[in-house]
Amino acid sequence: MIGTRTVYHEPTDIAAAVDLLAANSTAMVIGGGTITMPRLSDGQWHPEHLVDTTALGLDRIHVEYDGTVTIGAAVTYSKLSAAASAVPGLLGLVASGITGGPQIRNQATIGGAACYANPASDIPTALVALDARLTLHGHQGVRTVAASDFFQAPFRTSAHRAELLTGIAIPAGATANPFGYIKLKRSESSWPLAVCAARLPDPTRCTLVIGAATPTPITIDLALDPEIEHLAPEQTAAVRDHIDATIDTWWFDELGTAAYRRHIAGVAATRALDQALRRARAQGGDQ
Ligand SMILES: Cc1cc2nc3c(=O)[nH]c(=O)nc-3n(C[C@H](O)[C@H](O)[C@H](O)COP(=O)(O)OP(=O)(O)OC[C@H]3O[C@@H](n4cnc5c(N)ncnc54)[C@H](O)[C@@H]3O)c2cc1C
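Remember, predicted model here, so these are calculated numbers, not experimental data.

A. Structural context of the sheet that holds strand β14 (residues 218-223). With antiparallel pairing, the 4 strands of this open sheet are ordered in space as β11-β12-β13-β14. One side of each edge strand has no neighbouring strand; the edge strands of this open sheet are β11 (179-185) and β14. Strand-to-strand twist of the sheet, defined as the mean angle between neighbouring strand axes without regard to direction, takes the value 15°. Pairing of β11 with strand β12 (residues 192-202), which is carried by 7 bridges, proceeds in the antiparallel orientation. Across the sheet, residue lysine 183 finds its bridge partner in β12, namely valine 195. Across the sheet, helix α4 (residues 89-96) is in contact with β11 and β12; its angle to β11 comes to roughly 20°. Sheet strands touched by helix α10 (residues 233-246): β13 (205-211) and β14. Its angle to β14, the strand with the most contacts, is close to 140°.

B. Here's a closer look at α10. For α10, spanning 14 residues, the distance from its first C-alpha to its last is 20 Å, which sits close to the expected 20 Å at 1.5 Å a residue. For α10, the set of buried residues is Thr236, Val239 and Ile243. On an axial view of α10, the arc spanned by its buried residues comes to 65°, and they lie on one face. Turned more than 90 degrees off the buried face of α10, the exposed positions are Pro233, Glu234, Asp241 and Ala245.

C. Highlighting the domain arrangement of the protein chain. Here the domain parsing of the protein chain yields domain 1 (7-54), domain 2 (55-173) and domain 3 (177-286). For domain 2 versus domain 3, the distance between C-alpha centres works out to 21 Å. Opposite the 25 residues of domain 2 that make contact, domain 3 presents 28 residues. Between domain 2 and domain 3, roughly 1,900 Å² of surface is buried when both sides are summed, and carbon and sulfur atoms account for 64% of that area.

D. How the structure looks around the pattern of salt bridges. If you walk through the whole model with that rule in mind, you get 6 salt bridges. In this structure, lysine 183 and aspartate 122 form a salt bridge, with 3.0 Å as the shortest nitrogen-oxygen distance. Of this pair, lysine 183 sits in strand β11 while aspartate 122 sits in the loop between α6 (110-116) and α7 (123-129), and the two are 61 residues apart along the sequence. Looking at lysine 183, the relative accessible area reads 18%, which means it is buried.

E. Summary view of the site of the ligand. Contacts to the ligand come from 31 residues, most closely from Val29, Thr34, Tyr77, Thr109 and Asp122. Contacts to the ligand include glycine 32, whose backbone N or O atom sits 2.7 Å from an oxygen atom. For the ligand, whose accessible area on its own is 970 Å², the fraction buried by protein is 90%. Counting residues per element, the ones that place at least two in the shell around the ligand are β2 (27-30), α6 and β10 (164-170). It is α6 that contributes the most residues to the shell around the ligand, 4 residues altogether.

Cut-offs applied
- Residues numbered from 1 in each chain as written.
- Predicted model: local features only at pLDDT ≥ 70, side-chain atom pairs only at ≥ 80, totals over all residues.
- Heavy atoms only, no water.
- Pairing = 2+ DSSP bridges.
- Helix = DSSP H or I, 4+ residues; strand = E, 2+ residues; numbered from the N terminus.
- Axes fitted to C-alpha atoms, helices over the stretch in contact; angles between N-to-C directions.
- Contact = heavy atoms within 4.5 Å.
- Expected span 1.5 Å × (residues − 1).
- Buried < 20%, exposed > 50% of the residue type's maximum accessible area, 1.4 Å probe, protein only.
- Arc of directions from axis to C-beta.
- Domains from an automatic or database assignment.
- Buried area = accessible area lost by both parts, 1.4 Å probe.
- Salt bridge = Lys/Arg side-chain N within 4 Å of Asp/Glu carboxyl O.
- Near = heavy atom within 4 Å.
- Polar contact = N/O pair within 3.5 Å; in protein donor to acceptor, adjacent residues only side chain to side chain.
- Areas by Shrake-Rupley, 256 points an atom, 1.4 Å probe, with all protein chains shown as cover.

Structural data, given as structure tokens:
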């Protein structure tokens, strides 16, 4: 049962939503509500006002003239999957692999996932890997923040209390690069223990972003031999050792210890890199 007497608001424009958030110190945004509603029911969160994003027109995906993909904060995972031709392949893959079944995929929003900033999740890593920029509206105005600066700590972002995330922009370059994405989890319905997104900006470089195993997404840049087609066993071992030596803080929760996550993060990373190399070969073959 929800113990707090909460006033529900469904504003139809962003300025009204921002006013509501600024006027009430315990006001909270609600996107899909898949996190918020259970927290209200179990009494962990008790906002006096809920500001729903549903009627704000933030459920659209738009490809700009320069190829930048802009995704509204209220776009659901299902909508991301359905718009496969418009959204970056990496994001489409992440969205279709979200566990929790159709209920979660139809209801949960990309904005809610970003703002919740659960380390053991997919969206923070995907957004950092894609060089995404997040647009925040507040009483002080509008600002954009790079995804790499947005995720500051477990369950903490650089959004201020009364700011509303309205959209996420992904630059065209990031969309076109060959990529790989691996998510390791205990069972079909469980949250991830380690994820890794690999992106190849050019044949000599790889950007690995590791998440779920770390408190916030960690980016590691690797030099690549342009002739490499897949990772040989000694290269796999070298990449894993490099990750192990580079990352010093590992995330843990009831699903997995820090030591276990540390162990499997390297597995996720090398598989993601191999997948990206395979995609690069396939793209090369298409040309
Ligand atoms: C069974 C289950 C399985 C799941 N599996 C996965 C998984 O495999 N991978 C994964 O990544 N995630 C997984 N999730 C988490 C899922 O991604 C989150 O439930 C979801 O992202 C939250 O989105 P929402 O729109 O429902 O957020 P809400 O519950 O609406 O909001 C979450 C938080 O974000 C804030 N917020 C929401 N929208 C905005 C906004 N526009 N501006 C500012 N603040 C905002 C809210 O105030 C709240 O603090 C799972 C969840 C469940 C319940």
